[in-house]
Amino acid sequence: MLEELQDLYQQVILDHSRSPRNYGVLSTANRKAQGLNPLCGDSVTLYVKVENGRVEEVMFQGAGCAISKASASLLTESVKGKTPEEVRALFARVHEMVTTGKAGSADLGKLAVFTGVHKYPARVKCAILPWHAMLAALEGKDEKVSTE
Ligand code: ZN
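The following paragraphs examine the structure supplied in this document.

Rules used in this analysis
Counting restarts for each chain: residues are numbered from 1 in the order of the written sequence. Totals for whole chains, interfaces and linings use all residues, but because this is a predicted model, local features are given only for residues with pLDDT of at least 70 and pairs of side-chain atoms are given and counted only at 80 or more. In computing side-chain properties, one takes all heavy atoms of the structure into account and sets aside hydrogens as well as water. Secondary structure elements are taken from DSSP: a helix is a run of H or I of four residues or more, a strand is a run of E of two residues or more, and numbering for both begins at the N terminus. Using C-alpha atoms as the atom set, the radius of gyration is obtained and then compared with a globule rule of 2.2 Å times the number of residues to the power 0.38. Contact criterion: two residues are considered in contact whenever any of their non-hydrogen atoms come within 4.5 Å of each other. Per-residue and other accessible areas follow the Shrake-Rupley method at a 1.4 Å probe size, with only the shown protein chains counted as cover for residues. Under the counting rule used here, the positive set is Lys and Arg, the negative set is Asp and Glu, and His together with the chain ends is not counted. For the purpose of locating charges, the reference atoms are NZ of Lys, CZ of Arg, CG of Asp and CD of Glu. Coordination here is defined by N, O and S atoms within 2.8 Å of the metal (3.2 Å for Na, K and Ca), and since water is not considered, a site can look incomplete. With a 1.4 Å probe rolled over the protein chains alone, any residue whose accessible area is under 20% of its type maximum counts as buried; one over 50% counts as exposed, and the rest are partly exposed. Definition of nonpolar core: a set of buried residues of the types Ala, Val, Leu, Ile, Met, Phe, Trp, Tyr and Cys, connected through side-chain atoms within 4.5 Å. Only the contacting stretch of a helix is used when fitting its axis, a line to C-alpha atoms as for every element, and angles between N-to-C directions run 0 to 180 degrees. Note on angle classes: values under 35 degrees are labelled roughly parallel, values over 145 roughly antiparallel, values of 65 to 115 roughly perpendicular, and the remainder oblique. Two helices cross in a left-handed way if the nearer one is turned anticlockwise from the farther one by less than a right angle. They cross in a right-handed way if the turn is clockwise. Think of it as three bins: nonpolar holds Ala, Val, Leu, Ile, Met, Phe, Trp, Tyr, Cys and Pro, charged holds Asp, Glu, Lys and Arg, and polar takes everything else, Gly as well.

**What about the overall build of the protein?**
Counting secondary structure elements, the protein contains four helices and four strands. Along the chain direction, N to C, the helices and strands of the protein fall in the order α-β-β-β-α-α-α-β. The C-alpha radius of gyration computed for the protein amounts to 14 Å, which stays within 12% of the reference 15 Å derived for 148 residues, consistent with globular compactness. Reported as C-alpha extents along the three principal axes, the dimensions of the protein are approximately 45 × 30 × 25 Å. For the protein, the share of sequence-separated contacts (at least 6 apart) that also reach a separation of at least 24 residues comes to 60%. Summed over its atoms, the accessible surface of the protein is roughly 7600 Å², and 50% of this surface lies on carbon and sulfur atoms. Counting 18 positive and 17 negative side-chain charges, the protein places the centres of these two groups 3 Å from one another.

**Overview of the coordination of the zinc ion**
Within the protein, the zinc ion binds to Cys-40 (SG), Asp-42 (OD), Asp-42 (OD), Cys-65 (SG) and Cys-126 (SG); these donor distances fall in the range 2.1 to 2.7 Å. With a relative accessible area of 33%, Cys-40 lands in the partly exposed category.

**A look at the environment of Glu-51**
Locating Glu-51 in the fold gives a position in strand 2 (residues 42-51). The partly exposed category is assigned to Glu-51, whose relative accessible area is 36%. Glu-51 sits 24 residues away from Ser-27 along the chain, and the two C-alpha atoms are 14 Å apart.

**Focus: the nonpolar core**
Within the largest apolar cluster, 40 residues are counted, with the highest numbers of intra-cluster contacts made by Leu-46, Val-48, Val-98, Phe-114, Trp-131 and Met-134. Among the elements of the structure, strand 2, strand 3 (54-63), helix 2 (66-79), helix 3 (84-100) and helix 4 (121-138) are those that each provide at least two residues to this core. No other element matches the twelve residues that helix 4 contributes to this core. With residues near it in sequence (within four places) discarded, Met-134 still touches Leu-46, Val-48, Val-55, Val-58, Leu-75, Val-79 and Val-87.

**Here's the deal with the packing of helix 2 against helix 4**
Between helix 2 and helix 4, whose axes approach to 8 Å, the crossing angle comes to 40°. On the basis of their axis angle, the class for helix 2 and helix 4 is oblique. Taken as a pair, helix 2 and helix 4 cross one another with a handedness that is right-handed. Counted together, Ile-67, Ser-68, Ser-71, Ala-72, Leu-75 and Val-79 of helix 2 and Arg-123, Cys-126, Ala-127, Pro-130, Trp-131 and Met-134 of helix 4 form the full contact between these two elements. Within the contact of helix 2 with helix 4, the residues separate by chemical class into nine nonpolar, two polar and one charged.

See below:
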């Protein structure tokens, strides 16, 4: 059962890395930030439109490994409609899951596919990278952030 679950998760990661959702430049974005992971060579730029205190639209562009792409793709699906505070709270839970493998009682939905990443410490930064860029964008920093 556990192996099947892992297979399933891998399918989701592969699917999102091959066919990323919300991929491209968001012309109406009013926030933007780029994340770089020099260890792996991942680069991801988040384009965010915040209106009425909520994330109205979010898109990303970038190049990198399957995990960073899938993480960015799943992020864009997870943060729409949320307030910046809700996005930060979600990131805290994702960060704990990715680094410890424990999601606690939190229902992270599809983001749970990254539960196994903690077994590969070098990959943790790949999964977290898009979130760092997202938070930087929400803070209104149009700048590069690095996982280093
Ligand atoms: Zn990577």
